[in-house]
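Listed below are the residues making up each chain.
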Amino acid sequence: TRTGSGNSRKRRTGSEIAEDVPDADIVFTSLNHARKVKPMRFDSFMRILAAVPGSKLSILARHSSTGDHLRREAESRGVASDRIHIAKVLGKKEHVARFQASHLFLDTFPYAAHTTCSEALYAGLPVITRPGQTFASRVAASLLTALGAVNH
C-alpha cells in the first residue's frame, strides 16, 4: 500500500504495519540525525546504492530543505534522487517498526549511532559500522561487540 508521496509504503512486519518505509527491493536505513552524515559517508552510501539495483536509502531529515539537499547530493553522485527516501519523525513504536521493515542499517562516521543503533538492533536489523578512535565513533561497534556480533 503506497502512502503520501508514492515514495514510501506501509509494510507488514509480523503483526505490525511499518509506516514511512520506502517501496524498494532492498531498504538501507540511516535514521540518525542528518547532520551526522558527512560527505565521505554519504559517498559510501551512494556507492552502495549504485552497486545494489532496486535499493533505496531511508534517511531521517527533520526539515524539507535537508531532504532537498540530500537528494541534490545524490544526483551529483550519479544516483537518482527518487532512491533517497526522506523519513519523517514518528512515535517510538512506529519508528522501531520501520527498522523491522528495513534490510540493513548503515551507520554514520565519525559520529556513530548511539540510541538509533540500539533501536535498530532491538528491532533485529543488522548494523554495519566503522569504529574510529573516539568514544563517539565507537558506540555502535561497542554494542555489536557486546552482542557478540562483530565480524572483522
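Residues numbered from 1 in each chain as written. Predicted model: local features only at pLDDT ≥ 70, side-chain atom pairs only at ≥ 80, totals over all residues. Heavy atoms only, no water.

Q: Could you clarify how one ought to interpret the nonpolar core in this entry?
A: Nonpolar side chains in soluble globular proteins generally cluster together in the buried interior. Counting 16 residues, the largest nonpolar core has Phe42, Phe45, Met46, Leu49, Leu57, Ile59 and Ile84 as the members making the most contacts within it. When residues of this core are traced back to their parent elements, those giving at least two are α1 (39-51), β4 (55-60), α2 (64-76) and β5 (84-87). Among the elements that make up this core, the one with the highest residue count is α1 (four residues). Sequence-distant contacts of Phe45, defined by excluding residues within four places in its chain, comprise Ser30, Val37, Leu57, Leu106 and Asp107. Leu31, Leu60, Val96 and Leu144 belong to the second-largest nonpolar core, a separate cluster that totals 15 residues. (Core = buried A, V, L, I, M, F, W, Y, C linked by side-chain atoms within 4.5 Å. Buried < 20%, exposed > 50% of the residue type's maximum accessible area, 1.4 Å probe, protein only. Helix = DSSP H or I, 4+ residues; strand = E, 2+ residues; numbered from the N terminus. Contact = heavy atoms within 4.5 Å.)

Q: Teacher, can you tell me more about the pattern of salt bridges here?
A: A full pass over the atoms with the stated rule returns three salt bridges. Residues Asp43 and Arg77 are paired through a salt bridge, measuring 2.4 Å at the closest nitrogen-oxygen approach. Here the residue Asp43 occupies a position in helix α1, and Arg77 occupies one in the loop between α2 and β5, the gap between them amounting to 34 residues. Accessibility expressed as a relative area gives 27% for Asp43, which makes it partly exposed. (Salt bridge = Lys/Arg side-chain N within 4 Å of Asp/Glu carboxyl O.)

Q: Sorry if this is basic, but what is going on with helix α4 (residues 115-122) here?
A: Residues spaced three or four apart along an α-helix face the same direction, because each turn holds 3.6 residues. Among all positions of α4, only Thr116, Cys117, Glu119 and Ala120 are buried. The buried residues of α4 all sit within an arc of 160 degrees when viewed along its axis, so they share a single face. Residues of α4 that are exposed and point more than 90 degrees away from the buried face comprise Thr115 and Tyr122. Check the buried side of α4 and you find it contacts α3 (92-100), β6 (104-106), β7 (127-128) and α5 (135-146). Two residues or fewer past α4, Gly124 is found with a positive phi of approximately 85 degrees. (Arc of directions from axis to C-beta.)

Q: What am I meant to see in the confidence of the model for the protein chain here?
A: A low pLDDT score tells you not to read the predicted coordinates there in detail. Of the residues in the protein chain, 88% reach a pLDDT of 70 or more, and the chain-wide mean stands at 86. In the predicted structure, residues 1-10 sits below a pLDDT of 50 and forms 31 contacts with residues beyond four places in sequence or in another chain. (pLDDT = per-residue confidence, 0-100.)

Q: What is the right way to read the environment of Gln100 from this model?
A: As for its placement among the helices and strands, Gln100 is situated in helix α3. Sequence separation between Gln100 and Gly124 is 24 residues; the distance between their C-alpha atoms is 6.6 Å.

Q: It is not clear to me how the packing of α3 against α4 should be interpreted in this structure. Could you clarify?
A: Describing two packed helices takes the angle between their axes plus the distance from one axis to the other. It is the contact of α3 with α4, at a shortest axis distance of 8 Å, that shows an interaxial angle of 65 degrees. What the angle tells us is that α3 and α4 run roughly perpendicular. Like other packed secondary-structure pairs, α3 and α4 cross with a definite hand, here right-handed. Residues Lys92, His95, Val96 and Phe99 of α3 form the contact with α4, whose own contacting residues are Thr116, Glu119, Ala120 and Tyr122. Of the residues belonging to the contact of α3 with α4, the class tally is four nonpolar, two polar and two charged. (Axes fitted to C-alpha atoms, helices over the stretch in contact; angles between N-to-C directions. Parallel < 35°, antiparallel > 145°, perpendicular 65-115°, else oblique. Left-handed = near helix turned anticlockwise from the far one by under 90°. Nonpolar A, V, L, I, M, F, W, Y, C, P; charged D, E, K, R; others polar.)

Q: Sorry, what's going on with the pairing of β5 here?
A: Note on strand geometry: in a regular strand, side chains alternate between the two faces of the sheet. Along β5, one buried face is formed by Ile84 and Ile86 and the opposite face, lined by His85 and Ala87, is buried too. Pairing geometry for β4 and β5, over four bridges, is parallel. Among the inter-strand pairings, Leu60 is bridged to a residue of β5, identified as Ala87. In this region the chain leaves β4, passes through α2 and returns to the parallel neighbour β5; the handedness of that crossover is right-handed. (Pairing = 2+ DSSP bridges. Right-handed = clockwise from strand over helix to strand, strands pointing away.)

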